[in-house]
Structure formats: structure tokens, C-alpha cells
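So the chains spell out like this:
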Amino acid sequence: MNGPIPIHLLTGFLGSGKTTLLKHLLDQCKTRGLTAAVVMNELGEVNLDGEALGEGVPMREMLNGCVCCTVRDNLAETLEELADEVRPDVIFVETTGVANPVELLDAVTELPIVERVRLKSVVTVVDGPRFLEMERRLGGAGRTAKLMRAQIKYANLLILNKTDLMDESSLAALEQMLDAINPAADKIAAVYGRVGFERLETLAAELAVKPKDAESGGGDRLPGDHECGEQCDHESHSRHHRREGEAHVHGSHGHLMVVTYRLDGPVNRVRFEQALRCLPAEVLRAKGIVRFDDTPGRVMFQYAYREPMFIRVNPLFSVPDVAVFIGERLPKDMLASLIEQAMA
Ligand SMILES: Nc1nc2c(ncn2[C@@H]2O[C@H](COP(=O)(O)OP(=O)(O)OP(=O)(O)O)[C@@H](O)[C@H]2O)c(=O)[nH]1
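Everything in this summary refers to the structure shown in the same document. Keep in mind that what you see is a predicted model, and the values were worked out from it rather than measured. (Residues numbered from 1 in each chain as written. Predicted model: local features only at pLDDT ≥ 70, side-chain atom pairs only at ≥ 80, totals over all residues.)

On to the site of the ligand, then. In the neighbourhood of the ligand, 21 residues make up the surrounding shell, with Gly17, Thr19, Thr20, Gly97 and Gln302 lying closest. Elements with a minimum of two residues in the shell around the ligand: helix H1 (18–32) and strand E11 (298–304). Among the elements that line the shell around the ligand, the one with the most residues is H1, at three residues. Residues of the shell around the ligand, tallied by class, amount to six nonpolar, ten polar and five charged. A domain split of the shell around the ligand shows at least three residues from each of domain 1 (5–206) and domain 2 (248–342). (Near = placed C-beta within 6 Å. Helix = DSSP H or I, 4+ residues; strand = E, 2+ residues; numbered from the N terminus. Nonpolar A, V, L, I, M, F, W, Y, C, P; charged D, E, K, R; others polar. Domains from an automatic or database assignment.)

Printed below as a string of C-alpha cells:
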């Protein structure tokens, strides 16, 4: 294929449904005979979502940091590598869920890759019920709410996801809120990220963000202004590593932190489910791989907005048994003791 490879940037808060959307987009690319490559960025040390994409999808992982800051320099390199080695028809970049959109735009338009790849869309997945609840409760105050708003503001396609959990009036209220933040973006209500890939491609015709330094005028613009605003948060990301089996704290993304627990044996199903149900409010997202003491095989668990979910995984999946927690000021001792109590 000649010309720059189109990139679609998938953003959205933790657990909003980015991977679910990505899977759906990849299926559609496959049906059309397009080679799609993926860059997955995770704050933690393991990538649990890669498995979900299925075999044969060229993927590069960027772990242990956020692509908008700590591992940002690696993104251009990773994209270049994909362009050289895979020569895909399209690249999807799934970001961490706490990525700052302004910084992301900067990262994917680095000069060394400008001829190779071209940003085509910025898709923000909005967890409908969660965003609505946060806005109603906090009125947009607080750093998490501000980050969510920034992700909404800089998108050119907003996917209002999890609408199966909303009634009509809530959906109307959500649409109104999103219109107020980003009136120019296309908006699609969705369940489990079921959105036609053509919706991203249609946008692409109207959007080609060029690197700000490449030419005067800065090229076409996404809706909204792209000056670094209140969301730029480049605090240093301290790393404190502990012994395996204990918490590995990977530093914070501003106010957020990740704790990864390695599990060295099976967990008791009932106690583990109970532990997930009574996670403290500071935990915004949890996921991992566990073995239950009463069933063979391994299971992936997902916890987003107080909803736990379990999915059986391929026993050969290379990620070890782990529990990853993402949240604000995580009570590490409490989490450790919840895990300990759940061990079989
Ligand atoms: N009820 C409902 N659940 C959904 C929907 N979309 C996704 N989920 C569930 O929400 C959870 C999180 O989905 P993911 O696709 O992993 O979210 P993510 O944004 O990739 O998560 P991070 O990468 O951790 O930020 C999973 O348990 C999904 O099955 C939806 O439309 N409705």
C-alpha cells in the first residue's frame, strides 16, 4: 500500500470498553481482507487484553507506563517498526485509559514518522452510566472527571458505550452533556462497542492532523483547541518495586496508580468473587488472571464500575496469574489482605 498508514487512536477512561470496541473493529477489518495491526499500551507490567484479540493480529505491547508521557518516546519507534515489518493497512492504538489526549496527539504526529503514518481518527469510548453518574455527583469536579472530560473534548468520534445499562432519559441526558463538552464530534450510542468501521473511515476523510512543527498553520485540526491545557500532568512517575508476590507499584499517572499482585496459587471462587464485590471505591478498575480451586483452567476477571465479569482463557496464555488494580490512592494493605483471604 502506498502513502501513510492510517492510525486510529482509541481512548476512553479505564474500563469504558476500548478493547471490546477494538475486537469488533478487528473482526470487521478481517472480513474486508484488511491487515490491521495493534499497539496496546498498559499502565501495568502485564497486558491482559492481548489474548482477547485472537490469533494472527500483529501486535506490539507498550507496558509499564502511559504512552502519553512515560513511554511516549517509544511510540514513534513502535509505529515505525510496525510499518517496516508488517506493512499493515491500518493501525489501531489502544491507550491506557488515563492517557491525556493532547499529549497523545503530539506523540502520534512526531516528525520521524510523519511520512509513514497518518492519524485518521481519535475515538473516545465513554462509559455511559459511569460518566453520567460522575457528572451528576461531582459536576465535573475532581481530576478523574477532568481527565474524562478532556478525553471527550479532543475526540472526533464519541462512542456512548454501555447503553444497555441506561434508560432513554439517561441516554438523552448523557447526549446533552457530551454536546456541551464537544459539540463537533460525531456521537454513536453503542452496546459492547458495536460500531461500524466505516464510521471511523468516514471521519478520516475530514480529519488529518499534521504534526504541529511540520508546516505553518499546523494542518487540519481536531474539534476543540489543542493547546496544552489544565490536563497536562507530567509529574515524574516514581517506581517502587517490591519482591514478587507482593505489590508492585508502578508509580502514578498524576493521581492514579497501579498495583499488580502475582498470585502463586489458586483462589477460592466464592471468597474471590466476594472480594471483588467489596472493593473500596478508590479502585476504578481491576483485572487479572486467576485459577479457581474448584475448576480446571484459568479465568480472566474484569472489574469496571463495580461490575465483575469472568471469562475463560486459553490455558497457554503467557501472562502469569495476576491481579491488577488501578485507582486513586489505592489502599494497598487492604487489597493485599483481600487477596490473601481469597487464596485457596
Ligand atoms: N454491560 C456492558 N458491559 C460492557 C460493554 N462494553 C464493555 N463492557 C464490559 O466492560 C468491561 C471493560 O471492558 P474493556 O473493553 O476491557 O474496557 P477497556 O476500556 O479496554 O479497559 P482498560 O483497558 O482497562 O481501560 C468488560 O467486562 C466488558 O465486557 C457494554 O456495552 N455493556
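A few words now on the pairing of strand E6 (residues 157–161). The buried count for E6 comes to five of five residues, which makes it a mostly enclosed element. The side-chain alternation of E6 yields two buried faces, one formed by Leu157, Ile159 and Asn161 and the other by Leu158 and Leu160. Pairing geometry for strand E5 (residues 117–127) and E6, over five bridges, is parallel. Bridging from a neighbouring strand, Val126 pairs with Leu160 of E6. Sheet topology places E6 next to strand E7 (residues 186–189); four bridges connect them, and they run parallel. Within the sheet, the bridge partner assigned to Leu157 lies in E7 and is Asp186. You can see the chain leave E6, run along helix H6 (residues 168–181) and come back into E7, and the turn it takes is right-handed. (Buried ≥ 20, exposed ≤ 12 C-beta atoms within 10 Å, placed from the backbone. Pairing = 2+ DSSP bridges. Right-handed = clockwise from strand over helix to strand, strands pointing away.)

Before going further, it helps to examine the pairing of E11. Of all seven residues in E11, five are buried, a share of seventy percent or more. With six bridges joining them, strand E10 (residues 283–290) and E11 adopt antiparallel strand pairing. Note that in E11 the partner of Ile289 across the bridge is Met300. Here seven bridges tie E11 to strand E12 (residues 307–313), and the two strands are oriented antiparallel to one another.

Judged by pairing direction, the sheet is parallel, and its seven strands sit side by side in the order E3-E2-E4-E1-E5-E6-E7 without closing on themselves. The two strands at the open ends of the sheet, each matched to only one other strand, are strand E3 (59–62) and E7. Ignoring which end each strand starts from, the neighbouring axes of this sheet average 20° apart. When strand E1 (residues 5–12) meets strand E4 (residues 90–94), the two strands line up parallel, connected through four bridges. (Axes fitted to C-alpha atoms, helices over the stretch in contact; angles between N-to-C directions.)

Another point: the nonpolar core. Core analysis: the biggest nonpolar cluster contains 89 residues, and Ile91 and Ile159 have the highest contact counts within it. Sorting elements by how many residues they give to this core places E5 first, with six residues. Of the residues that make up this core, three or more belong to each of domain 1 (5–206) and domain 2 (248–342). Look past the residues within four positions of Ile91 in its chain and what remains in contact with it is Ile5, Ile7, Ala37, Val39, Leu79, Leu82 and Val117. (Core = buried A, V, L, I, M, F, W, Y, C linked by C-beta atoms within 7 Å. Contact = placed C-beta atoms within 7 Å.)

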